[in-house]
Amino acid sequence: MDILQAIIMGIVQGLTEFLPVSSSGHLMLASELLGTDLAAEEDLTFSLALHAATVLSTIVVLWHEVWRILRGAFSRKFNDEQAYILKIVISMIPIGIVGFCLMDYIEAAFSSLLVVGIMLLITAALLTFAYKAKPRQKETISYRDAFIIGLAQSVAVLPGLSRSGTTIATGLLLGNRKESVAQFSFLMVLPPILGNALLDLLKGDFGGSVEVLPLVAGFIAAFVTGCLACKFMLEIVKRGKLIYFAVYCAIVGCITIATYLL
């Protein structure tokens, strides 16, 4: 992988991790176009670097909220911050089960452009339903809703099904406030990403063929675009403009399916 390819992949990861268009699906499409393979052993280090960059961008953009939660976590009395952490832990249960028990099977069975295209169409449908849903504006995300949003996240491991789009749409359909859902969606993914990186470390699946410059270039590209995309997405959700991403996913999904069949 050269520096230009690394930058392109970093931009794709940074943008699509937060925008509701499926980072896994777009990374597969980008890999096909660029002739790279992030699933290959020699590219796992690069894949981890991209995910680390998006984790860092989330923390940077939502730093005030992250710091508030961390400060409240050490209180002797049960408070809102500790409740928020507990909700994130609850949301992690489904993805934890999928990650430990089914991830290898899912990656083997569903890694095809046809699946990506179909899942992009499903993402478009979910975003459309969320756009049409009547807002009820719950003040806080409940423990029940946190678990249901976690279930949505576990289903979104399928390539082409947007994690942020699925979780945000689910939260909106459950009647939660737009700002609360977007923030929860971005924060709840941090532990699973870090946990997946730890599992890869324990498996020892990292190759050493990725050069330093492409690795750094990809990381910087993913971090910068991730910060921009995170801020942009928070604003888009507030304005209720998810329908534009639904149209985009529908178009890309149809093109992807047609490319696979033809």
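Counting starts from 1 at the beginning of each chain's written sequence and moves along it residue by residue. Under the rules for a predicted model, residues below a pLDDT of 70 receive no local features and side-chain atom pairs below 80 are neither given nor counted, while totals for whole chains, interfaces and linings still include all residues. Side-chain calculation: all heavy atoms of the structure are included, whereas hydrogens and water are not.

Undergrad: I'm lost on the overall build of the protein chain in this one. Help?
TA: Looking only at helices and strands, the protein chain has 13 helices and zero strands in total. Elements are defined by DSSP. Helices are runs of H or I of four residues or more, strands are runs of E of two residues or more, and each kind is numbered from the N terminus. Reading the helices (α) and strands (β) of the protein chain from amino to carboxyl end gives α-α-α-α-α-α-α-α-α-α-α-α-α. For each residue, the accessible area found with a 1.4 Å probe, counting protein chains only, is set against the maximum for its type, and the residue is called buried under 20%, exposed over 50%, and partly exposed in between. Looking at the protein chain as a whole, 49% of its 262 residues are labelled buried. Considering only residue pairs separated by 6 or more positions, the protein chain has 81% of its internal contacts joining residues 24 or more positions apart. Note on areas: Shrake-Rupley with a 1.4 Å probe; residue coverage comes only from the protein chains shown. Approximately 13100 Å² of the protein chain is accessible, and the part contributed by carbon and sulfur atoms is 68%. What makes two residues a contact is simply this: any of their non-hydrogen atoms within 4.5 Å.

Undergrad: Would you mind going over the confidence of the model for the protein chain with me for this structure?
TA: Any region with low pLDDT has predicted coordinates that should not be read closely. What pLDDT expresses is the predictor's confidence in each residue, scored from 0 to 100. Confidence along the protein chain averages 85 in pLDDT terms, with 90% of residues attaining 70 or more. Taken element by element, the predicted model of the protein chain shows its lowest mean pLDDT in helix α6 (residues 103-110) (71) and its highest in helix α8 (residues 143-155) (94).

Undergrad: Looking at this structure, how should I read the packing of α8 against helix α9 (residues 163-173)?
TA: When two helices pack together, their arrangement is given by the angle between the helix axes and the distance between those axes. The axes are straight lines fitted to the C-alpha atoms, using for helices just the contacting stretch, and the angles between their N-to-C directions are given from 0 to 180°. Running from N to C, α8 and α9 cross one another at 155°; their axes reach a closest spacing of 8 Å. Accordingly, the angle class assigned to the pair α8 and α9 is roughly antiparallel. Of the two elements, α8 crosses α9, and the hand of that crossing is right-handed. Residue-level inspection shows I148, I149, A152 and Q153 of α8 in contact with α9, the latter providing R163, T166, T167, T170 and G171. We call Asp, Glu, Lys and Arg charged. Ala, Val, Leu, Ile, Met, Phe, Trp, Tyr, Cys and Pro are nonpolar, and the rest, Gly among them, are polar. Here the contact of α8 with α9 is composed, by residue class, of three nonpolar, five polar and one charged. For classification purposes, angles smaller than 35 degrees are called roughly parallel, those larger than 145 roughly antiparallel, those between 65 and 115 roughly perpendicular, and all remaining angles oblique. Two helices cross in a left-handed way if the nearer one is turned anticlockwise from the farther one by less than a right angle. They cross in a right-handed way if the turn is clockwise.

Undergrad: Quick question: what am I supposed to make of the side chain of N176 here?
TA: Mapped onto the elements, N176 comes out in the loop between α9 and α10 (178-188). Taking relative accessible area as the criterion, N176 reaches 2% and is therefore assigned buried. Reaching out from N176, the side chain makes a polar contact with the side chain of D145 at a distance of 3.2 Å. Whenever two N or O atoms come within 3.5 Å, that pair is a polar contact, provided that in protein one can donate a hydrogen and the other can accept it, and provided that, for residues adjacent in sequence, both atoms are side-chain atoms. In this structure the side chain of N176 is engaged in a polar contact, spanning 3.1 Å, whose partner is the backbone oxygen of G171. When residues no more than four places from it in sequence are discounted, the contact partners of N176 are Q137, K138, T140, I141, D145, G171 and V181.

Undergrad: Which parts of the structure should I look at to understand the packing of aromatic side chains?
TA: For any pair of aromatic rings, the description rests on two quantities: the centre-to-centre distance and the angle between the ring planes. Pairing of aromatic side chains here covers Phe, Tyr and the six-membered ring of Trp, requires ring centres within 6.5 Å, and sorts the geometry by plane angle: under 30 degrees stacked, over 60 edge-to-face, intermediate tilted. Across all of its chains, the model carries three aromatic pairs by this definition. Seen in terms of ring centroids, W63 and W67 are 5.8 Å apart; in terms of plane orientation they differ by 20°. Their pairing is stacked. Placement of the pair is W63 and W67 together in helix α4 (residues 63-73), with a separation of four residues, close to one helical turn. Here W63 falls in the partly exposed class, since its relative accessible area comes to 40%. Of the residues examined, W67 reaches a relative accessible area of 42% and is grouped as partly exposed. Centre to centre, the rings of Y84 and F184 are 5.7 Å apart; their planes meet at 80°, and the pair counts as edge-to-face. In this pair, Y84 is assigned in helix α5 (residues 80-101) and F184 in helix α10, connecting sequence segments 100 residues apart. The burial state of Y84 is the same as that of F184; both residues are buried.

Undergrad: Help me understand the environment of I148 in this model?
TA: Of note, I148 is situated in helix α8. Residue class for I148 comes out partly exposed when judged on its relative accessible area of 25%. Sequence separation of I148 and S91 is 57 residues, and the distance between their C-alpha atoms is 7.4 Å.

Undergrad: Even after reading the chapter, I still don't get the pattern of salt bridges, so can you show me in this structure?
TA: Two side chains of opposite charge can pair, provided their charged atoms sit close to one another. Definition used for salt bridges: Asp or Glu carboxyl oxygen within 4 Å of a side-chain nitrogen of Lys or Arg. Under the definition given, this model contains six salt bridges. A salt bridge links R68 to E65, with the shortest nitrogen-to-oxygen separation between them at 2.1 Å. Taken together, the positions of R68 and E65, both in helix α4 and three residues apart, correspond to about one turn of that helix. Linking R177 and E179 is a salt bridge whose minimum nitrogen-to-oxygen distance equals 3.6 Å. Each of E65, R68 and E81 takes part in a single network of salt bridges with overlapping partners.

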